[in-house]
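# Coordinate analysis (summary)
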Amino acid sequence: MSDGGTEPPRRFLLDTMLGKLATYLRMCGYDAAYTLDDGIEDDDEILDRLQTSDRTLLTRSRALADRAPDAILLQSREVENQLRELAAAGIKLSLADEPARCGVCNARVERVGVDEPTPDYAPDPSDIDVWRCVDCGQHFWQGSHWDDVAETLADLADQTS
């Protein structure tokens, strides 16, 4: 995610067409706000949010990209190709060692203690590391979805090297 220097990691604002990409970026540890999470669909509202949030806009809308400084215009509808476009734009894409952001709402996550209860859908934290979103309460662990994303990102890295 970061190059190890003093530059802070980039923060993104993704427009209404990029919800799946937001999840991938969050899994890579990026602060990736998705406009529909806040019910924002109008271009003017997106630009207002952008002005107050110190984020880089990711969009598939040329008209919106033309109005936003430093926007990254993505051409593809498919998330794998969107990831390729981001990599070509210099965005580092690799899974964080452990989840840092909620894939659902973008808030920070914290590790669940081994003695803490988890919902029925989550594994026992004494068997596998589990994280919980501090805002929405969603639980996460490095299971098959994590492995699928890791494979997608590894394939992307192989294709771009």
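Conventions and cut-offs
- Residues numbered from 1 in each chain as written.
- Predicted model: local features only at pLDDT ≥ 70, side-chain atom pairs only at ≥ 80, totals over all residues.
- Heavy atoms only, no water.
- Buried < 20%, exposed > 50% of the residue type's maximum accessible area, 1.4 Å probe, protein only.
- Helix = DSSP H or I, 4+ residues; strand = E, 2+ residues; numbered from the N terminus.
- Polar contact = N/O pair within 3.5 Å; in protein donor to acceptor, adjacent residues only side chain to side chain.
- Axes fitted to C-alpha atoms, helices over the stretch in contact; angles between N-to-C directions.
- Parallel < 35°, antiparallel > 145°, perpendicular 65-115°, else oblique.
- Left-handed = near helix turned anticlockwise from the far one by under 90°.
- Contact = heavy atoms within 4.5 Å.
- Nonpolar A, V, L, I, M, F, W, Y, C, P; charged D, E, K, R; others polar.

## Points about helix α1 (residues 19–27)
Listing the buried residues of α1 in full gives Leu 21, Ala 22, Tyr 24, Leu 25, Arg 26 and Met 27. Downstream of α1 by a residue or two, Gly 29 has a phi angle that is positive, lying close to 95 degrees.

## Observations concerning the side chain of Ser 53
Among the secondary structure elements, Ser 53 is positioned in helix α2 (residues 43–53). A polar atom in the side chain of Ser 53 sits 2.9 Å from the backbone oxygen of Arg 49.

## Looking at the packing of α1 against helix α4 (residues 79–88)
Where α1 meets α4, the closest approach of the two axes is 10 Å, and the angle between their N-to-C directions is 55 degrees. With respect to each other, α1 and α4 are oriented oblique. For α1 against α4, the interelement crossing comes out right-handed. Listed contacts from α4 to Lys 20, Leu 21, Tyr 24 and Leu 25 of α1 are Val 79, Glu 80, Gln 82, Leu 83 and Leu 86. Residue composition of the contact of α1 with α4, grouped by class: six nonpolar, one polar and two charged.

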